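# Chains, contacts and geometry: an overview
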Amino acid sequence: MSDRQRIDKWLFFARVVKSRSLAAKLVSGGGVRVNKDKVDQPSHGVKAGDVLTITLDRRILIYRVLDGGQRRGPAEEARTLYEDMSPPPVPKGDVSKLDLLPKRDAGSGRPTKRERRQVDRLMDGIDDDRDN
């Protein structure tokens with residue numbers, strides 16, 4: 001690997017995203033941190049030893065860069081570019097109290113006064129549990 005590689009190319013070669021343009025959008029949108037510093041330029045360089053924190057959908061990926069890529073190869077080759085330090089996903093059977101919050105369909109408008117009061121009562125109960 002040369003000293004540094006563009007972060008959008010590295011994300012594409014490591015198969016984090018499907019295309020280089022999506023990698024550039026991810027970086028520009030603030031979804032990537034390098035060594036805990038937010039990066040907003042797809043041309044930012046990464047090198048071996050850097051720790052990337054990547055926010056994708058509802059997942060947080062933490063990768064340590066081991067090497068730069070030369071091409072977008074098979075998945076086995078892509079896995080040699082990083083060490084996965086991500087926390088394990090929450091088991092599907094476990095439900096946190098925040099998952100109990102009422103879900104609203106996108107575009108269904110603002111909550112009614114009654115729904116808002118119900119959410120406030122629920123949140124007050126969660127805050128009380130956190131204090132104990």
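All figures in this text were calculated on a predicted structure; none of them were measured in a lab.

### Examining the pattern of salt bridges
- Under the criterion given, the structure shown has six salt bridges.
- Arg116 serves as the salt-bridge partner of Asp120, at 3.2 Å between the closest nitrogen and oxygen. Here Arg116 and Asp120 lie together in helix α4 (residues 113-131), a separation of four residues that amounts to about one turn.
- By relative accessible area, which is 32% here, Asp120 ends up partly exposed.
- Residues joined in a network through salt bridges with shared partners are Arg6, Asp8 and Arg20.

### Some thoughts on the packing of aromatic side chains
- Applying the stated criterion across every chain, the model contains three aromatic pairs.
- Where Trp10 meets Tyr82, the ring centres are 6.2 Å apart and the plane angle is 70°; that geometry is what we call edge-to-face. Linking Trp10 in helix α1 (residues 7-13) with Tyr82 in strand β7 (residues 82-84), this pair joins segments that are 72 residues apart in sequence.
- A residue is classified by how much of its surface remains accessible, and Trp10, at 0% relative accessible area, is buried.
- Residue classification places Tyr82 among the buried positions, given a relative accessible area of 15%.
- Here Phe12 and Phe13 contribute two aromatic rings whose centre-to-centre distance is 6.0 Å and whose plane-to-plane angle is 40°, an arrangement assigned as tilted. In this structure, Phe12 and Phe13 share a single accessibility class: buried.
- Through successive ring pairs, a cluster of aromatic residues spans Trp10, Tyr63 and Tyr82.

Each value, and the rule that gives it
- Residues numbered from 1 in each chain as written.
- Predicted model: local features only at pLDDT ≥ 70, side-chain atom pairs only at ≥ 80, totals over all residues.
- Heavy atoms only, no water.
- Salt bridge = Lys/Arg side-chain N within 4 Å of Asp/Glu carboxyl O.
- Helix = DSSP H or I, 4+ residues; strand = E, 2+ residues; numbered from the N terminus.
- Buried < 20%, exposed > 50% of the residue type's maximum accessible area, 1.4 Å probe, protein only.
- Phe/Tyr/Trp six-rings, centres within 6.5 Å; stacked < 30°, edge-to-face > 60°.

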